[in-house]
Amino acid sequence: MWVWGGVQPCLLPWRPARSPAAVKTTLPVMPRAAGGMEGRVAERLRGALGPLGFEVHAFKVGWYNAILQPGFHLPYPDDTLAFVVLSTPSMFDKALKPFVNKERLKIIRDPVDQCVSHHLSHVKEKFPDQKVDVFFDYEILPSRKPKFLAQTAAHVAGAAYYYQRKDVKLDPWEKKKIYGVCIHPKYGGWFAIRGLLLFPDIQVPFLEQSAPVDCVSTEEKRIELLELFNFHWQDGRYRDIIEVKERYSEEQKAYFATPPAERFRLLGLTQEAQRGTFH
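Residues numbered from 1 in each chain as written. Predicted model: local features only at pLDDT ≥ 70, side-chain atom pairs only at ≥ 80, totals over all residues. Heavy atoms only, no water.

Among the eight residues of strand 2 (residues 80-87), eight are classified as buried, and the element is accordingly described as predominantly covered. By the alternation rule, side chains of strand 2 split into Thr80, Ala82, Val84 and Leu86 and Leu81, Phe83, Val85 and Ser87, which are all buried. The pairing of strand 1 (residues 54-60) with strand 2 spans seven bridges and is classified as antiparallel. Residue pairing across strands places Ala58 opposite Phe83, the latter belonging to strand 2. Pairing of strand 2 with strand 6 (residues 192-203) involves eight bridges; the strand directions are antiparallel. If you follow Leu81 over to strand 6, its bridge partner there is Phe199. (Buried < 20%, exposed > 50% of the residue type's maximum accessible area, 1.4 Å probe, protein only. Helix = DSSP H or I, 4+ residues; strand = E, 2+ residues; numbered from the N terminus. Pairing = 2+ DSSP bridges.)

Next comes the structure, spelled out in structure tokens:
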């Protein structure tokens, strides 16, 4: 999901949740217990995806469903184990470019989406005795609703704080529509929410929830963040609302600043692949 800002102008490496009004409650602040089934699954996932520049964060489906309207619920029991998958700035070099070099003749749609799909689908092989369902951020249901609300999932998993209009006490926007945005405590806005991994046969009733880091904690900074994201997303300043430890390389910035139809050229892909992707 590539989001440079805005509702889905999609340079953005993650899309804002399409229905901000769907989220209706705040989260409890609780420490997460280590170990158990969640710990073993997480260790295996991090071993497979970490070297490729991805992060995984566990949550229970019930945490997600509890703060959303029924139309957005995930169709699993509350105690079902799930993971939200993020891409960090290093994914571009560690996963995307090697994937393009190896699979260039098979790339017929968005290279990033196809790369993520390849790696998340491949991770199923790490769990031969488990059913693993994969939801991608770009998938849409027949109802035209997103398959899941990416930023809500990141928030309940403790991966990134989802800042919304309700987080500002003195709302300065009156009747303007204001979209929320997730901020990562290490990467700020320089990351993407890519998908969900769900384990329907693994129930974790005792998994404890950890709140996301509130790294934009002042009223003034939250207003600035939402202003930058909603009205100046093209310049990417909202990504640096906090001091970040890593951001996109200049090459990566140039890639996402380029119109989608021209990105194939930057990756050295053929015109035939380009015609297969953009009609």
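Another point: the nonpolar core. Of all hydrophobic cores here, the largest spans 85 residues; its most connected members are Phe59, Phe83, Leu197 and Phe199. Excluding residues that lie within four positions of it along the chain, Phe83 makes contacts with Glu38, Val41, Ala42, Leu45, Val56, His57, Ala58, Phe59, Gly195, Leu196, Leu197 and Phe199. (Core = buried A, V, L, I, M, F, W, Y, C linked by side-chain atoms within 4.5 Å. Contact = heavy atoms within 4.5 Å.)

As enumerated under the stated definition, the model contains 12 aromatic pairs in all. Taking the centre distance of 6.3 Å and the plane angle of 65° together, the rings of Phe92 and Phe256 count as edge-to-face. In this pair, Phe92 is assigned in helix 3 (residues 91-103) and Phe256 in helix 7 (residues 250-257), connecting sequence segments 164 residues apart. Phe92 gets classed as buried once you look at its relative accessible area, which sits at 2%. Phe256 sits in the buried class, given a relative accessible area of 0%. One cation-aromatic arrangement involves Lys145 over Phe72; the distance from NZ or CZ to the ring centre is 5.0 Å. Its guanidinium or amino end placed over the ring of Trp190, Arg239 lies 4.9 Å from that ring's centre, counting from NZ or CZ. (Phe/Tyr/Trp six-rings, centres within 6.5 Å; stacked < 30°, edge-to-face > 60°. Lys NZ or Arg CZ within 6 Å of the ring centre and 35° of its normal.)

Given 3.6 residues per turn, any residue in an α-helix points the same way as the ones three and four places further on. All of the buried residues along helix 3 are Met91, Phe92, Ala95, Leu96, Phe99, Val100 and Glu103. Across the axial projection of helix 3, the buried residues extend over an arc of 120°, all falling on one side. Helix 3 presents Asn101 and Lys102 as exposed residues on the side facing more than 90 degrees away from its buried surface. Those residues of helix 3 that are buried lie in contact with strand 1, strand 2, helix 4 (111-122), strand 6 and helix 7. (Arc of directions from axis to C-beta.)

Quick look at the packing of helix 3 against helix 4 now. Axis separation between helix 3 and helix 4 bottoms out at 10 Å; the angle between their running directions is 95°. Here helix 3 lies roughly perpendicular to helix 4, going by the angle between them. On helix 4, the residues that touch Met91, Ala95, Leu96, Phe99 and Val100 of helix 3 are Pro111, Val112, Gln114, Cys115, His118 and His119. Considering only residue class, the contact of helix 3 with helix 4 consists of eight nonpolar, three polar and no charged. (Axes fitted to C-alpha atoms, helices over the stretch in contact; angles between N-to-C directions. Parallel < 35°, antiparallel > 145°, perpendicular 65-115°, else oblique. Nonpolar A, V, L, I, M, F, W, Y, C, P; charged D, E, K, R; others polar.)

Let us now look at the confidence of the model for the protein. For the protein, the mean per-residue pLDDT works out to 86, and 83% of the residues sit at or above 70. The model gives residues 1-34 a pLDDT under 50, and that stretch makes 142 contacts with residues more than four places away or in other chains. A low-confidence stretch, residues 271-279 stays under pLDDT 50, and its non-local contacts, those more than four residues away or across chains, total 12 contacts. (pLDDT = per-residue confidence, 0-100.)

With that out of the way, let us pick up the pairing of strand 1. Both faces of the sheet carry side chains from a regular strand, because those side chains alternate between them. Along strand 1, seven of the seven residues are buried, which leaves the element largely enclosed by surrounding structure. Residues Phe54, Val56, Ala58 and Lys60 point to one face of strand 1 and Glu55, His57 and Phe59 to the other, with burial holding for every one of them.

The subject of this paragraph is the sheet that holds strand 2. Two strands in a sheet stick together by hydrogen bonds in their backbones, pointing the same way (parallel) or opposite ways (antiparallel). With respect to topology, four strands assemble into an open sheet ordered 1-2-6-3, the strand pairing being antiparallel. One side of each edge strand has no neighbouring strand; the edge strands of this open sheet are strand 1 and strand 3 (133-136). On average, each strand axis in the sheet is tilted by 20° relative to the strand beside it, whichever way the strands run.

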